[in-house]
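What the coordinates show
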Amino acid sequence: AGVSQPRVSQILRHLHDLKLVERTGRGRWKPQREALLDRFLAEYPGPGGSQQYCYSLDSPVEVAVRAGEVDTPRRPIVVSADVGPDLIVAWRKPSLVILYEKHMIDPSSLGLIDAQGSHDANVIVRMPDDQSVFPVPALTAQVRGSDVPLADPLQQIWDLQDLGGADRLEAAGRLRQWLLARP
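Overview of the structure. This is a predicted model, so every value here is computed, not measured. (Residues numbered from 1 in each chain as written. Predicted model: local features only at pLDDT ≥ 70, side-chain atom pairs only at ≥ 80, totals over all residues. Heavy atoms only, no water.)

A look at the overall build of the chain
Inclusion rule: For helices the rule is a DSSP run of H or I covering at least 4 residues; for strands it is a run of E covering at least 2, with both sets numbered from the N terminus onward. Only the protein chains shown count as cover for residues, and all accessible areas are computed by the Shrake-Rupley method using a 1.4 Å probe. Residues counted as positive are Lys and Arg, residues counted as negative are Asp and Glu, and His and the chain ends are not counted. Charged groups are reduced to one reference atom each: NZ for lysine, CZ for arginine, CG for aspartic acid, CD for glutamic acid.
Broken down by element type, the chain carries six helices and nine strands. Each principal axis of the C-alpha distribution contributes one length, and for the chain these read about 60 × 35 × 35 Å. Put simply, the chain shows about 10400 Å² of open surface, and 52% of that area lies on carbon and sulfur atoms. The positive charge centre, built from 21 side chains, and the negative charge centre, built from 23, are 11 Å apart in the chain.

So this is what it looks like as structure tokens:
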């Protein structure tokens, strides 16, 4: 990674002072996953970039399935709130889908039309500055035999919290529990 051993030690010591890692002995460190998650969510400014509000007569899940069908390694599209979290830990009926794309696509290719604004949109299409929304390795969910590519779970939690509402905050809590329980 091109980082010297003294610099790594310096960074780990700083993370230890922030109680984000714990020394487990003989040069080994254990991340404090919950503290790291809380810190990220508290300080993350959002994905940045541009966004477009759209509307579809189809359900947000159907839009997500169509996005999965046009997703390619060269033109990735990933699905976030509300659909993404519901595909991981079902909790609420999705009323909106956020799609992240690396390259602008024509919304009509997904059966979308422009909405007047956020108040009448059920699809938000974002081209983020922050590319960490695209997880490596890829995360997918199956919907009726189709792969639906999902945004990074941390981004999905952030999106749920950003959209707000009691149901979404509860869904964010369930996704958080799922994430922290993973090895």
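Don't stop here, the text continues.
Quick word on the nonpolar core
For clarity, the cut-off: Residues enter a nonpolar core if they are buried and are Ala, Val, Leu, Ile, Met, Phe, Trp, Tyr or Cys, with the set joined through side-chain atoms within 4.5 Å. For each residue, the accessible area found with a 1.4 Å probe, counting protein chains only, is set against the maximum for its type, and the residue is called buried under 20%, exposed over 50%, and partly exposed in between. Any two residues whose heavy atoms approach within 4.5 Å are treated as being in contact.
Counting 42 residues, the largest nonpolar core has Val79, Val97, Leu99 and Val123 as the members making the most contacts within it. Considering every element that reaches this core, the biggest residue donor is helix α3 (residues 60-70), with five residues. When residues no more than four places from it in sequence are discounted, the contact partners of Val123 are Gln52, Tyr53, Cys54, Ser56, Val63, Val97, Leu99 and Leu112.

Remarks on the layout of surface pockets
As a reminder of what qualifies: Both cavities and pockets are sets of points on a 1 Å grid over the protein atoms alone; in a cavity a 1.4 Å probe fits but cannot get out, in a pocket the set is open with protein on both sides within 12 Å along at least five of seven lines, and lining residues sit with an atom within 4 Å of a point. Grid points are joined across faces, edges and corners, and a volume is the space filled by probe spheres set on the points.
Empty space within the largest pocket amounts to approximately 260 Å³. In this structure, the largest pocket is lined by 14 residues; those nearest its centre are Arg33, Asp152, Pro153, Leu154 and Leu179. For the lining of the largest pocket, the elements supplying multiple residues, two or more each, are α2 (33-43), α5 (153-163) and α6 (166-181). The dominant element in the lining of the largest pocket, judged by the number of residues it contributes, is α2, at three residues. The computed volume of the second largest pocket comes to approximately 180 Å³. Surrounding the second largest pocket, 14 residues form its lining, Asp71, Pro76, Val78, Pro135 and Ala138 being those nearest its centre. Mapped by element, the contributors of at least two residues to the lining of the second largest pocket are β8 (139-143) and β9 (146-150).

Some details on the pairing of strand β7 (residues 123-127)
Short version of the rule: Two strands form a pair only when DSSP identifies at least two bridges running between them.
The element β7 is extensively covered by neighbouring structure, given that four of its five residues are classed as buried. Two elements, strand β3 (residues 50-55) and β7, share five bridges in a ladder whose sense is antiparallel. Bridge pairing in β7 places Tyr53 opposite Ile124. The pairing of strand β5 (residues 97-101) with β7 spans four bridges and is parallel. Within the sheet, the bridge partner assigned to Tyr100 lies in β7 and is Arg126.

Focus on empty space enclosed by the protein
Applicable threshold: Classification used: nonpolar for Ala, Val, Leu, Ile, Met, Phe, Trp, Tyr, Cys and Pro, charged for Asp, Glu, Lys and Arg, polar for all others including Gly.
In total, this model carries one cavity of 30 Å³ or more according to the counting rule given. Estimated volume of the largest cavity: approximately 50 Å³. Along its surface, the largest cavity is lined by Asp82, Pro85, Asp86, Val89, Trp91, Arg92, Leu160 and Ala171. Here the lining of the largest cavity is composed, by residue class, of five nonpolar, no polar and three charged.

Considerations on the side chain of Ser56
As a reminder of what qualifies: Two N or O atoms count as a polar contact when they lie within 3.5 Å, although within protein this holds only if one can serve as hydrogen donor and the other as acceptor, and sequence-adjacent residues are included solely when both atoms are side-chain atoms.
Residue placement: Ser56 occurs in the loop between β3 and α3. Owing to a relative accessible area of 1%, Ser56 belongs among the buried residues under this scheme. A polar contact is formed between the side chain of Ser56 and the backbone nitrogen of Asp58, at a distance of 3.0 Å. Residue contacts for Ser56: discarding those within four places in its chain leaves Val63, Arg66, Gly111, Leu112, Asn122 and Val123.

Some details on the pairing of β8
In β8, alternate side chains face the same way, and those of Leu139, Ala141 and Val143 are buried while those of Thr140 and Gln142 on the opposite face are not. Of the pairings in the sheet, the one linking β8 to β9 comprises five bridges and is antiparallel in character. Bridge pairing in β9 links Val143 to Ser146. Once β8 ends, the chain turns through two residues before running back antiparallel as β9, passing Arg144 with a positive phi of about 45 degrees.

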